[in-house]
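Working through the structure, step by step
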Amino acid sequence: MLSRTADHLFWMSRYTERAENTARLLDVNYQTSLLPQSAAVAQMGWQGLLSISELLPAYEALYAEITPENVMAFMVKNEDNPSSIISCLKAARENARAVRGSLTTEVWETQNQTWLEMLRKIKEGEFERDPGQFFEWVKFRSHLSRGVTVGTMLMDEALHFMRLGTFLERADNTARLVDVKFHAVESDFFGAANAQDQEYDFYHWSAILRSVSGFEIYRKVYRDVIQPERVAELLVLRADMPRSLHACLNEVVSNLAMVSSDSAIESRRRSGKLLAELQYGKIEEILANGLHAYLTQFLDRVNDIGASISREFLVPT
């Protein structure tokens, strides 16, 4: 396969996954903002979302203050923001168009229709009328894209590069979500003592779990009240949780093995080492050393793996 083709397929999947994860981040913030809380706590949540997405300087250059309406507009329909949902879906569609011959008709039509529907929704103001419903639509289109890809593409290098892009992006975004949410509530509501804060605690962690489609999974696995430590364990170390860091690295390692026969290349070495640490890690050790520090280091290592894949397989930047 040509490296340029692999590059387009890789980034098409990354941008599709990034749009979905941006929708998930915004949705959990939108849902938690509806809970009773002070204006300062609410603003901290939206500021944290911008910080973890590394978009705070770009946002502050455009807006005087942090408000839910401005943050959502910036992260959904601002085409000058390369990480906004509209920018991600546009980039995914452009990458798909560049390698139209490597895709099945179903995969191309799904990408193209998503982009055209997005333009219509923005033009008709559907996002402003019901943000929650709009975020659900973005997630659904990403699910559809993934399902059509797995269901219609030949199981060759093209599919493996698409899967690589999907799971590298998912690992990055799950780590950011866990980090921003634990960081935001650890001081105020982590292990709340009184009944009112415990109630807030429950709704907050429920919203986080729902944002990664993990609420029902948590109930099935732990059969207990929601505890922050177990939420962290589920989203970091559980290999059977589809959006956990462990599950994502499993997919990265297996798909890298399918596109390379040389186990000594740097991207395979780095991803294999990180996977081993997740396989044998314990949440007690991670929390004792600091979850924020762990996730910050994890994000750096995932970015390094992505850079190694680009150097070894894709078009040099």
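Residues numbered from 1 in each chain as written. Predicted model: local features only at pLDDT ≥ 70, side-chain atom pairs only at ≥ 80, totals over all residues. Heavy atoms only, no water.

1. Comments concerning the overall build of the protein
Looking only at helices and strands, the protein features 16 helices and zero strands. What you see for the protein is a C-alpha radius of gyration of 19 Å, in line with the 20 Å of a compact globule of 317 residues. Its C-alpha atoms give the protein principal-axis dimensions of about 60 × 50 × 35 Å. Split into buried and exposed, the 317 residues of the protein put 54% on the buried side. A fraction of 66% describes how many contacts in the protein between residues 6 or more apart in sequence connect residues 24 or more apart. Within the structure as shown, the protein displays about 14,600 Å² of accessible surface, and the carbon and sulfur contribution to it stands at 51%. Looking at charge distribution, the protein has the averaged site of its 34 positive side-chain charges lying 5 Å from that of its 43 negative ones. (Helix = DSSP H or I, 4+ residues; strand = E, 2+ residues; numbered from the N terminus. Rg over C-alpha atoms; globule rule 2.2 N^0.38 Å. Buried < 20%, exposed > 50% of the residue type's maximum accessible area, 1.4 Å probe, protein only. Contact = heavy atoms within 4.5 Å. Areas by Shrake-Rupley, 256 points an atom, 1.4 Å probe, with all protein chains shown as cover. Lys, Arg positive; Asp, Glu negative; His and termini not counted. Charge placed at Lys NZ, Arg CZ, Asp CG, Glu CD.)

2. Structural notes on the side chain of serine 260
Following the sequence through the fold, serine 260 ends up in the loop between α13 (245–259) and α14 (266–280). Once residues within four sequence positions are removed from consideration, serine 260 is found in contact with Ile265, Arg268 and Phe313.

3. Remarks on the nonpolar core
In globular proteins that are soluble, nonpolar side chains generally tend to be buried together. Ranked by internal contacts, the top residues of the largest apolar core, which has 80 residues, are Leu26, Leu50, Ile85, Phe134, Phe135, Phe298 and Ile309. Not counting the four nearest positions on each side in its chain, leucine 50 is found in contact with Leu55, Leu56, Tyr59, Ile66, Val71, Phe74 and Met75. Ranked by size, the runner-up nonpolar core spans 12 residues in total, among them Ala96, Val99, Met153 and Met162. (Core = buried A, V, L, I, M, F, W, Y, C linked by side-chain atoms within 4.5 Å.)

4. Description of unusual backbone geometry
Positioned with a positive phi, glutamate 54 is a non-glycine residue whose angle comes to about 60°. If you trace the backbone, glutamate 54 turns up in the loop between α2 (39–52) and α3 (56–60). One non-glycine residue with positive phi stands out, namely arginine 223, at about 45°. As for its position among the elements, arginine 223 is in the loop between α11 (215–222) and α12 (228–236).

5. Regarding the packing of α2 against helix α4 (residues 68–76)
One way to put it is that α2 packs onto α4 with a least axis distance of 10 Å and a crossing angle of 20°. The orientation of α2 relative to α4 falls into the category roughly parallel. You can see that α2 and α4 cross each other, and the crossing is left-handed. Contacts between α2 and α4 involve Trp46, Leu49 and Leu50 from the first element and Pro68, Val71, Met72, Phe74 and Met75 from the second. (Axes fitted to C-alpha atoms, helices over the stretch in contact; angles between N-to-C directions. Parallel < 35°, antiparallel > 145°, perpendicular 65-115°, else oblique. Left-handed = near helix turned anticlockwise from the far one by under 90°.)

6. With respect to the environment of glutamate 79
Residue position: glutamate 79 is located in the loop between α4 and α5 (85–98). The sequence separation of glutamate 79 and alanine 288 amounts to 209 residues, and the corresponding C-alpha distance is 41 Å.

7. Digging into the pattern of salt bridges
Working definition: two side chains of opposite charge can pair if their charged atoms are close together. All told, the structure shown has 26 salt bridges when counted by the stated rule. The partner of arginine 230 in a salt bridge is aspartate 224, and the shortest N-O contact between them spans 3.0 Å. Here arginine 270 and glutamate 266 are joined by a salt bridge, their closest N and O atoms 2.8 Å apart. One end of the pair is arginine 270 and the other is glutamate 266, both in helix α14 and four residues apart, which spans about a single turn. Residue class for arginine 270 comes out partly exposed when judged on its relative accessible area of 27%. Among the charged side chains, a network of salt bridges with common partners joins Glu17, Glu20, Arg24, Arg146, Arg170 and Arg243. (Salt bridge = Lys/Arg side-chain N within 4 Å of Asp/Glu carboxyl O.)

Geometry only, nothing functional implied.
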